[in-house]
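Listed here are the chains, written in short residue letters.
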Amino acid sequence: MTDGRDDGEFAMVGEVRTGLLMNRLALPSDQVAELLDLVPGERVRARERPVPWAVSADQLHGVDCPLITRSGARPRAIGTLAARVRVVGGRVVQGSTRSVVAPGGDRRQRWSHYMARPGVVELGGRGDPADAAARFLTGRAPESLDPGAVSEALLRRIRASPLLDRRSPFRPRRTRLRWSAVVGGERLRGAFTLVDAELRTVRLRVPEAAGVTREQLTALCEDLALHDWLLTTVARVVERRASDADPAAQDDLLAVVGQLLHLWLPSADVPPGLGGMWEGIEVNPGFTRQWELCVNRLRDELTLRALRGGTVPQ
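Residues numbered from 1 in each chain as written. Predicted model: local features only at pLDDT ≥ 70, side-chain atom pairs only at ≥ 80, totals over all residues. Heavy atoms only, no water.

## Some thoughts on the overall build of the protein
This is how the line gets drawn: Segments assigned H or I by DSSP are reported as helices when at least four residues long, segments assigned E as strands when at least two residues long, and all are numbered from the N terminus. Whether a residue is buried, partly exposed or exposed follows from its accessible area with a 1.4 Å probe, protein chains only, as a fraction of its type maximum: under 20%, in between, or over 50%, in that order. Contacts are assigned to residue pairs with any non-hydrogen atoms lying within 4.5 Å of each other. All accessible areas in this document rest on Shrake-Rupley with a 1.4 Å probe, and a residue is counted as covered only by the protein chains that are shown.
The helix and strand inventory of the protein stands at eight helices and ten strands. Here the protein holds 314 residues, and the buried ones make up 53% of them. Excluding contacts between residues fewer than 6 apart, the proportion of contacts in the protein whose partners are at least 24 apart in sequence is 70%. Of the roughly 14800 Å² of accessible surface on the protein, a fraction of 49% belongs to carbon and sulfur atoms.

Structure below.
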């Protein structure tokens, strides 16, 4: 199994944590590349169009812990998690950690065996990867596999960088998207769930014939996490500031318009084999429909404020 095409059925789990980069303005692309230079000797991948983004090289984190299955079994999960940081538009930061879940043998191997399979955890005994991936979304014991903790550690490292001035124009809440995917079966199925104000889950089942890779599944979930965070953040700012008579509240609304609205471009990086997932989300919960309603309300609020103050927003 490689980061190119993955043959046969396999399962993956991961968690993406998304938030605002703690800087007053969007970070220029050269400083983003410096910020994401986390692995010596490995390059930062970047692009400028249609939406600028950059992503660090993967860091590997060794794990040896239980991974609970739906049947209640607790096979040992031994191997490595692959973690990276992505910055979109010089403004939004994501800590993303994931791993393939693969069957293992009855005996524990030397660490050289697991390091030779980066981004793969093996289940001991009779642990079933698809079963474990499904259970990963519905509950987790404190000592169980926790890719979100690795994502959080990466974000803390980014926040400590001297490249950031920590003068964010507003302070939105971060979101967590926990995901699982099983490649196998006859048709594409996906479910997006808002668990609470912070946590979301995505469950994917992808046909083998789609020929998707680990990288493509990861990119899809990062894209979902980004657009969920954008929608959640803009909606909260509009809701909170629309009822605030303080003229300074307009600064938050203007910051959202100037720094976030142009980042909305759902499914731009999604391969054809996974396009149906975004199509399903556009039906329920209807991301783009919600986004358009929210943006219209934001612009209406700015227009009302401008009319009251005798100026017209640009």
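## Quick look at the pattern of salt bridges
Cut-off, in case you're wondering: Salt bridge, as used here, is a side-chain nitrogen of Lys or Arg placed within 4 Å of a carboxyl oxygen of Asp or Glu.
Per the counting criterion, the structure on display carries 16 salt bridges. The shortest N-O distance in the salt bridge between Glu15 and Arg176 comes to 3.1 Å. Pair noted here: Glu15 is in strand S1 (residues 10–20) and Arg176 is in strand S8 (residues 175–183), with a separation of 161 residues, a long-range link. Its relative accessible area of 0% is what places Glu15 among the buried residues. Accessibility expressed as a relative area gives 16% for Arg176, which makes it buried. The partner of Arg108 in a salt bridge is Asp64, with the nearest N and O atoms 2.2 Å apart. Of the two residues, Arg108 is situated in the loop between strand S6 (92–103) and helix H2 (111–115) and Asp64 in strand S4 (residues 59–66); the sequence distance between them amounts to 44 residues. Take Arg108: its relative accessible area is 48%, and that puts it in the partly exposed class. Three or more residues are tied together by salt bridges with common partners; here these are Glu15, Arg17, Glu152, Arg159, Arg174, Arg176, Arg178 and Glu198.

## A look at helix H4 (residues 147–159)
Note that an α-helix has 3.6 residues per turn; residues three or four places apart therefore point the same way. Stated formally: To estimate the expected span of a helix, count its residues, drop one, and scale the result by 1.5 Å.
Between its terminal C-alpha atoms H4 stretches 19 Å, which fits the 18 Å expected from 13 residues at 1.5 Å a residue. Residues of H4 that are buried: Pro147, Gly148, Val150, Ser151, Glu152, Leu154, Leu155 and Ile158. Against the buried residues of H4 lie S1, helix H1 (29–35), S4, strand S5 (76–88), S6 and helix H3 (129–138).

## Notes on empty space enclosed by the protein
For the record, the criterion: A 1.4 Å probe that fits but cannot get out identifies a cavity on a 1 Å grid over protein atoms alone, an open set with protein on both sides within 12 Å along at least five of seven lines counts as a pocket, and a residue lines either if it has an atom within 4 Å of a point. Grid points are joined across faces, edges and corners, and a volume is the space filled by probe spheres set on the points. Three categories are distinguished: nonpolar for Ala, Val, Leu, Ile, Met, Phe, Trp, Tyr, Cys and Pro, charged for Asp, Glu, Lys and Arg, and polar for the others, with Gly belonging to the last.
Per the stated rule, a full pass over the model turns up two cavities of 30 Å³ or more. There is about 80 Å³ of room inside the largest cavity. In terms of lining residues, the largest cavity is bounded by Arg47, Val51, Trp53, Arg86, Val88, Asp223, Leu226, His227, Leu263, Leu265, Ala268 and Asp269. Residues of the lining of the largest cavity, tallied by class, amount to seven nonpolar, one polar and four charged.

## Points about the pairing of S8
We count it as follows: Pairing between strands is defined by DSSP: at least two bridges between the two strands are required.
Counting buried positions over the nine residues of S8 gives nine, a clear majority of the element. Where S1 and S8 come together, nine bridges link them in antiparallel fashion. Across the sheet, the residue bridging to Val13 is Ser180, located in S8. With eight bridges joining them, S8 and strand S10 (residues 199–206) adopt parallel strand pairing.

## Section: the packing of aromatic side chains
The line we're drawing: We call Phe, Tyr and Trp rings a pair once their centres come within 6.5 Å, taking the six-membered ring for Trp, and we label the pair stacked below 30 degrees between planes, edge-to-face above 60, and tilted otherwise.
Counting across every chain of the model gives three aromatic pairs. With a centroid separation of 5.3 Å and an interplanar angle of 85°, the aromatic rings of Phe192 and Phe287 are classed as edge-to-face. Of this pair, Phe192 sits in strand S9 (residues 189–194) while Phe287 is found in helix H8 (residues 287–309), placing the two residues 95 residues apart along the sequence. Of the two residues examined, Phe192 and Phe287, each falls in the buried class.

## Let's talk about helix H7 (residues 275–283)
Convention followed: The arc refers to the directions leading from the helix axis to the C-beta atoms.
Listing the buried residues of H7 in full gives Met277, Trp278 and Ile281. One side of H7 carries all its buried residues, which in axial view fall inside an arc of 95°. When the buried face of H7 is taken as reference, the exposed residues oriented beyond 90 degrees from it are Glu279 and Val283.

## Here we look at the confidence of the model for the protein
The criterion, for reference: For every residue, the pLDDT score states the predictor's confidence, bounded by 0 at the bottom and 100 at the top.
In the predicted model, the protein carries a mean pLDDT of 85, and 89% of its residues have values of at least 70. Below pLDDT 50 for its whole length, residues 1–5 participates in eleven contacts with residues either more than four positions away or in separate chains. Note on residues 310–314: pLDDT is under 50 here. Beyond four places in sequence and across chains, it has five contacts.

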